[in-house]
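Structural features, examined
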Amino acid sequence: MNKALTETQCGDFSIPQPKAEAGDAAAVPAAPRMSKLMIGEMELQSTETLTKDGAREETAKYYHVFENGACYEFALKVATGVETDEGGKHVDREEIFKRLEKILATVKINPAPAPEVTASTPAAAPVTPAQ
């Protein structure tokens with residue numbers, strides 16, 4: 001949650017760049033895909049990135065919503081490898097994200113209470129008779 005961002009800034013995604021580690025020059029991020037979707041009662045702006053490093057693939061999905069004067073960000077990440085003869089098991093990223101999005105759909109952002117406003121009328125100036 002970031003209260004310093006405006007609604008417009010909340011919609012401008014800041015895509016984290018993958019951290020290159022020693023000997024990790026082969027990590028190649030794909031261009032992010034941006035979209036809007038409804039999850040539960042929230043309309044979220046989302047982006048997805050895919051990073052490949054040899055047989056390893058890492059998909060990250062970032063979701064933003066602006067509520068109560070604050071920007072909320074949710075990040076989901078799934079890292080997978082390629083199925084091998086040594087017993088590695090193929091993982092269906094889309095199926096995992098469907099499950100994670102069901103969990104995300106349970107998030108409830110409570111509305112901020114409206115500030116109490118008290119109305120008052122200015123006191124009337126005393127009327128003095130004209131002389």
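To start, this report covers the structure provided alongside it. Everything numeric in this text was worked out from a predicted model, so none of it was measured. (Residues numbered from 1 in each chain as written. Predicted model: local features only at pLDDT ≥ 70, side-chain atom pairs only at ≥ 80, totals over all residues. Heavy atoms only, no water.)

**A word on the packing of aromatic side chains**
Taken as a whole, this structure holds zero aromatic pairs when the rule is applied. Its end group placed over the ring of F97, K61 keeps NZ or CZ at 4.4 Å from the ring centre. (Phe/Tyr/Trp six-rings, centres within 6.5 Å; stacked < 30°, edge-to-face > 60°. Lys NZ or Arg CZ within 6 Å of the ring centre and 35° of its normal.)

**Let's talk about helix α2 (residues 93–104)**
In an α-helix, one full turn covers 3.6 residues, which means residues spaced three or four apart are oriented alike. Compared with an ideal rise of 1.5 Å per residue, which puts twelve residues at 16 Å, α2 spans 16 Å between its outermost C-alpha atoms and is within 8% of the ideal. Within the sequence span of α2, burial applies to F97, E101 and L104. Take α2 and look down its axis: the buried residues cluster within an arc of 50°, on one side only. In α2, those exposed residues whose orientation departs by more than 90 degrees from the buried face are K98, R99, K102 and I103. Capping the start of α2, D92 holds a side-chain oxygen 3.2 Å from the backbone nitrogen of E94, two or three residues further along. (Helix = DSSP H or I, 4+ residues; strand = E, 2+ residues; numbered from the N terminus. Expected span 1.5 Å × (residues − 1). Buried < 20%, exposed > 50% of the residue type's maximum accessible area, 1.4 Å probe, protein only. Arc of directions from axis to C-beta. Polar contact = N/O pair within 3.5 Å; in protein donor to acceptor, adjacent residues only side chain to side chain.)

**Thoughts on the pairing of strand β5 (residues 70–80)**
For strand β4 (residues 56–67) and β5, the ladder comprises eleven bridges, and the chain directions are antiparallel. Bridging from a neighbouring strand, E57 pairs with T80 of β5. The loop that links β4 with its antiparallel partner β5 comprises two residues; one of these, N68, has a positive phi angle of about 55°. (Pairing = 2+ DSSP bridges.)

**Quick word on the pairing of strand β3 (residues 42–53)**
As paired strands, β3 and β4 are joined by nine bridges and run antiparallel to one another. Of the residues in β4, the one forming a bridge with Q45 is H64. Taken together, β3 and the strand that follows it, β4, pair antiparallel across an intervening segment of two residues, in which G54 is found at a positive phi of about 65°.

**A few points about the environment of H64**
When you line up the elements, H64 lands in strand β4. Its relative accessible area of 7% is what places H64 among the buried residues. Sequence-wise, H64 and A75 are eleven residues apart; in three dimensions their C-alpha atoms are separated by 8.9 Å. Side chain to side chain, H64 and E73 meet in a polar contact 2.6 Å long.

**A short note on unusual backbone geometry**
A positive phi angle, near 55°, is found at N68, a position not held by glycine. Residue position: N68 is located in the loop between β4 and β5. Owing to a relative accessible area of 35%, N68 belongs among the partly exposed residues under this scheme.

**Regarding the environment of A70**
If you trace the backbone, A70 turns up in strand β5. Between the C-alpha atom of A70 and that of T6, which follows or precedes it by 64 residues, the distance is 7.5 Å.

**Some remarks on the state of the cysteines**
Within the structure shown, the criterion is met by one disulfide. Paired through a disulfide, C10 and C71 show a sulfur-sulfur distance of 2.1 Å. Every disulfide takes its handedness from the sign of the S-S torsion; for C10 and C71 that torsion is 70°, giving right-handed. Taken together, the residues C10 in helix α1 (residues 7–11) and C71 in strand β5 connect sequence positions 61 residues apart. Note on C10: relative accessible area 3%, which makes it buried. The class of C71 is buried, set by a relative accessible area of 5%. (Disulfide = S-S within 2.5 Å.)

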